Amino acid sequence: MRALMIFLDGIGLGPNDPETNPFAVANTPTLNSLANGYRWLANTGRQVSERAVFLPADPCMGVPGRPQSGTGQASIFTGRNVPQLLGKHYGPKPDSATRALLARDNLFKQVVSRGESAALLEAYPASWHRAIDSGRRLRSSYQLAAHVAGIRILNQEDLLRGDALPVDWTGEHWPRNQGRETLPRRHPHDAGVHLVRLAQRHTFSLFAHWPSDVIGHRGTLDEAIALLERFDEVMAGVLQAWEYSEGMIIICSDHGNMEHIGDRRHTLNDVPVVVIGKGRECFDEDFHSLADIAPRIQDVLFAPATTQRRASAKEADRR
């Protein structure tokens, strides 16, 4: 069994408003097929099909205020209600308390501790690596989760070898000042196929796509529509290449944003969680929030070994 998570930063379930919500107007037949033919909107609700389970998830998790990336991503990868533990939403990068929770335990560490392979599948340019190494930039929560598990963050050389994908799928927006003139360009469908090939090397892998959040904060409706239509083509390639018997794909987000173009703030909307393939039935019952994602992935990959760990984590949260 293996699991591939495709994380889309800043994607929420908003109203059917073609003036502000790209999900209401974008041509996304593949994404719609994963929700029984419905668009990804606030009124879509829970949908179950032969292929996928589509679930709204609460990013607020009972804590007042607008959800933030630092604590939201940490909840996804620790399986704990991090805003509740901290008493606040925090972001975009994790604060010291969130970093401590991620260092203590997270989904990447769980996989690696069992002798299995885990990976981030997107590459980062040399400028990002220099900023991290110099301390001028902090890792996001998902990057930190991988780092503390001993997972190497990939770079341009990995991209050139075909061992990674650029964050925009196609390579069109990869920085041109990185010392190379020729970079691999892929059609979105081919990028989806290649993503599956990379994921098949690992028990758990993550591809994180943050341009959606950037567009949500300061982009246009047309840019958001183009991003969704590109992602729809990517997912067509993913679904063509993925063998359902080998495990599951999870599409998720940390908070809403891009579903309300024109308001730069994060929204209070639920976010979509889409589970495709074998193991998706684990998401059918008692699923409510971002903190419910990691325990179910662990159930699929490692059950029944995760039962005791989940009980211990709940006890720690009560203390």
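Residues numbered from 1 in each chain as written. Predicted model: local features only at pLDDT ≥ 70, side-chain atom pairs only at ≥ 80, totals over all residues. Heavy atoms only, no water.

## Quick notes on the overall build of the protein chain
Definition in use: For helices the rule is a DSSP run of H or I covering at least 4 residues; for strands it is a run of E covering at least 2, with both sets numbered from the N terminus onward. The globule rule used for comparison is 2.2 Å times the number of residues to the exponent 0.38, while the radius of gyration itself is calculated over C-alpha atoms. Any residue under 20% of the maximum accessible area for its type is buried, any over 50% is exposed, and the rest in between are partly exposed; the area is computed with a 1.4 Å probe on protein chains only.
Of regular secondary structure, the protein chain possesses 13 helices and seven strands. Relative to the compact-globule value of 20 Å for 319 residues, the protein chain shows a C-alpha radius of gyration of 18 Å, a close match. The principal-axis extents of the C-alpha atoms in the protein chain amount to approximately 55 × 45 × 40 Å. In the protein chain, which comprises 319 residues, the share counted as buried stands at 58%.

## So, the pattern of salt bridges
The line we're drawing: Every case where a carboxyl oxygen of Asp or Glu lies within 4 Å of a side-chain nitrogen of Lys or Arg is listed as a salt bridge.
Enumeration according to the criterion identifies eight salt bridges in this entry. In this structure, the salt-bridge partner of Asp163 is Arg201, at a minimum N-O distance of 3.1 Å. Note that Asp163 is positioned in the loop between helix H8 (156–161) and helix H9 (188–199) and Arg201 in the loop between H9 and strand S5 (204–209), a separation of 38 residues in sequence. Residue class for Asp163 comes out partly exposed when judged on its relative accessible area of 23%. Taking the shortest distance from any N to any O, the salt bridge between Arg296 and Asp292 comes out at 4.0 Å. Taken individually, Arg296 and Asp292 each receive the classification buried, so the pair is uniform in this respect. Where salt bridges share partners, they join Arg152, Asp158, Arg161, Asp163 and Arg201 into one cluster.

## A short note on the pairing of strand S7 (residues 271–277)
Let me state the cut-off plainly: One requirement defines pairing of two strands: DSSP has to find at least two bridges between them.
Counted residue by residue, S7 has seven buried out of seven residues, so it is predominantly covered. Inspection of the sheet shows strand S3 (residues 52–57) paired to S7 by six bridges, in the antiparallel sense. Paired with Val53 across the two strands is Val275, which belongs to S7. Here four bridges tie strand S6 (residues 247–252) to S7, and the two strands are oriented antiparallel to one another.

## Focus on unusual backbone geometry
Here Gly91 and Pro92 are connected by a cis peptide whose omega angle stands at 15°. Even without glycine at this site, Trp169 takes up a positive phi of about 80°. You can see Trp169 is positioned in the loop between H8 and H9. Overall, Trp169 belongs to the buried group, its relative accessible area being 1%.

## Quick look at the packing of helix H10 (residues 211–218) against helix H11 (residues 221–241)
Helix packing for two helices is described by the angle between their axes and how far apart those axes are. The line we're drawing: Simply put, an axis is a line fit to the C-alpha atoms, just over the touching stretch for a helix, and the angle between two N-to-C directions goes from 0 to 180 degrees. Oblique is the label for every angle not falling under 35 degrees (roughly parallel), over 145 degrees (roughly antiparallel), or within 65 to 115 degrees (roughly perpendicular). A crossing counts as left-handed when the near helix is turned anticlockwise from the far one by less than a right angle, and as right-handed when that turn is clockwise. Whether two residues touch is decided by their heavy atoms; if any such pair falls within 4.5 Å, the residues are in contact. When residues are grouped by polarity, Ala, Val, Leu, Ile, Met, Phe, Trp, Tyr, Cys and Pro land in nonpolar, Asp, Glu, Lys and Arg in charged, and all others, Gly among them, in polar.
It is the contact of H10 with H11, at a shortest axis distance of 9 Å, that shows an interaxial angle of 160°. Of the possible angle classes, the one that applies to H10 and H11 is roughly antiparallel. As H10 runs across H11, the sense of the crossing is left-handed. Where H10 abuts H11, its residues Pro211, Ser212 and Ile215 lie against Glu223, Ala224 and Leu227. Tallied by class, the residues present in the contact of H10 with H11 amount to four nonpolar, one polar and one charged.

## Overview of the sheet that holds S6
Spatial strand order, S2-S3-S7-S6-S1-S5-S4: seven strands in an open sheet with mixed pairing. The open sheet has two free edges, formed respectively by strand S2 (47–48) and strand S4 (118–120), since each of these has just one partner strand. With two bridges connecting them, S2 and S3 associate as antiparallel partners. Each bridged residue has a counterpart across the sheet, and for Gln47 the counterpart in S3 is Phe54.

## Brief notes about the confidence of the model for the protein chain
Quick note on the threshold: A residue's pLDDT is simply how confident the predictor is in it, with values from 0 to 100.
For the protein chain, per-residue confidence averages 91 on the pLDDT scale, and residues scoring 70 or more make up 93% of the total. Segment residues 305–312 is flagged for pLDDT under 50; beyond a separation of four residues in sequence, or across chains, it makes eleven contacts in the model.

## Remarks on the side chain of Ser49
Tracing the chain through its elements places Ser49 in the loop between S2 and S3. The exposure class assigned to Ser49 is buried, which follows from its relative accessible area of 19%. Non-local contacts of Ser49, meaning those with residues more than four positions away in its chain, are made with Asn36 and Arg280.

## Focus: the packing of aromatic side chains
Under the convention used in this document: Stacked, tilted and edge-to-face pairs are distinguished by plane angle, under 30 degrees for stacked and over 60 for edge-to-face with tilted covering the rest, among Phe, Tyr and Trp rings (Trp via its six-membered ring) whose centres lie within 6.5 Å. Two limits define a charge over a ring: the Lys NZ or Arg CZ must be within 6 Å of the ring centre, and within 35 degrees of the ring normal.
For the coordinates displayed, the defined rule picks out nine aromatic pairs. An angle of 10° between the planes, with centres 6.3 Å apart, marks the rings of Phe23 and Trp40 as stacked. With Phe23 in the loop between strand S1 (2–8) and helix H1 (29–33) and Trp40 in the loop between H1 and S2, this pair connects stretches of sequence that are 17 residues apart. Trp40 matches Phe23 in its accessibility class, with the two residues each being buried. In this structure an aromatic cluster arises from ring pairing among Phe23, Trp40 and Phe54. The ring centre of Phe302 lies 4.2 Å from the NZ or CZ of Arg114, which sits over that ring.

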